[in-house]
Amino acid sequence: MRSCIEHAIQIANDVPFGLGASIQTQDADLAADIADKLDVGMVTINAPSGSEANTPFGGVKRSGFGRELGTLGITEFLNHKLIRDKS
């Protein structure tokens, strides 16, 4: 069964898009392992993919880069300034 899962991950990662994925399983450790290996911006476990205002939304590859919404998203609109004091 593991080889089928690894093959499915390979197929999913070979596409030029990477917005989101959904994993359906009752095995929490397996879900975490698969989620870590998927090359996507968002992974939902045991629910359809979607977005909420308090969670970051975004993808990788041809699905974009960066995030919007949530704490990570708001930083996309900030200009960070580095100030170094060597005195």
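Nothing here was measured: the structure is a model prediction, and the numbers come from that model.

A. Focus on helix 2 (residues 28-37). Here helix 2 has its buried residues at Leu30, Ala31 and Ile34. Down the axis of helix 2, the smallest arc covering the buried residues is 100°, so these residues share one side. Residues Ala28, Asp29 and Asp36 are exposed on helix 2 and point more than 90 degrees away from its buried face. You can read the cap of helix 2 off the contacts: a side-chain oxygen lies 3.1 Å from the backbone nitrogen of aspartate 29, and it is on aspartate 27.

B. Main features of the pattern of salt bridges. Within this structure, the stated rule accounts for three salt bridges. The salt bridge involving aspartate 33 is made with lysine 37; its shortest N-O contact spans 3.3 Å. Separated by four residues within a single helix, aspartate 33 and lysine 37 lie in helix 2, roughly one turn from each other. For aspartate 39, the salt bridge is made with lysine 61, and the minimal N-O distance between the two is 3.8 Å. With aspartate 39 in the loop between helix 2 and strand 3 (42-45) and lysine 61 in strand 4 (residues 60-61), the pair connects residues that are 22 residues apart, well separated along the chain. On the basis of relative accessibility, which here comes to 37%, the residue aspartate 39 falls in the partly exposed class. Salt bridges linked by common partners bring Glu6, Asp33 and Lys37 together as one network.

C. Spotlight on the pairing of strand 3. Pairing analysis gives four bridges linking strand 2 (residues 20-23) to strand 3, with the strands arranged parallel. Considered in strand 3, the bridge of isoleucine 23 is made with isoleucine 45. Crossover handedness for the path strand 2 to helix 2 to strand 3: right-handed.

D. Here's a closer look at unusual backbone geometry. With phi around 60°, asparagine 46 is a residue other than glycine that occupies positive phi space. Residue placement: asparagine 46 occurs in the loop between strand 3 and strand 4. In this structure asparagine 46 comes out as partly exposed when scored by relative accessible area, which is 45%.

E. Representation of the nonpolar core in the model. Listed in full, the eight residues of the largest apolar core are Ile5, Ile9, Ala21, Ile23, Leu30, Ala31, Ile34 and Leu38. Looking at this core, the elements with two or more residues in it are helix 1 (2-13), strand 2 and helix 2. With three residues, the single largest contributor to this core is helix 2. Look past the residues within four positions of isoleucine 5 in its chain and what remains in contact with it is Leu30 and Ile34.

What counts, and at which threshold
Sequence order as written defines residue numbering, which begins from 1 separately in each chain. Confidence filtering applies because this is a predicted model: local features only for residues at pLDDT of at least 70, side-chain atom pairs given and counted only at 80 or more, and all residues used for totals across whole chains, interfaces and linings. Side-chain numbers come from the whole structure's heavy atoms, not from hydrogens or water. Only protein chains enter the accessibility calculation, which uses a 1.4 Å probe; a residue is then buried when its area is under 20% of its type maximum, exposed when over 50%, and partly exposed in between. Here a strand is any run of E in DSSP of at least two residues, a helix any run of H or I of at least four, and the numbering for each starts at the N terminus. By arc we mean the arc of the directions from the helix axis to the C-beta atoms, nothing more. By the criterion applied in these results, polar contacts are pairs of N or O atoms within 3.5 Å in which, for protein atoms, one can donate a hydrogen and the other can accept it, and in which residues neighboring in sequence qualify only through two side-chain atoms. Here, a salt bridge means any side-chain nitrogen of Lys or Arg that lies within 4 Å of a carboxyl oxygen of Asp or Glu. Here, a strand pair is defined by DSSP locating no fewer than two bridges between the strands. By convention a crossover is right-handed if, when the strands point away from the viewer, the path from the first strand over the helix to the second runs clockwise. By nonpolar core we mean a set of buried residues, namely Ala, Val, Leu, Ile, Met, Phe, Trp, Tyr and Cys, connected to one another through side-chain atoms within 4.5 Å. Working rule for contacts: check all heavy atoms of both residues, and any pair within 4.5 Å makes them a contact.

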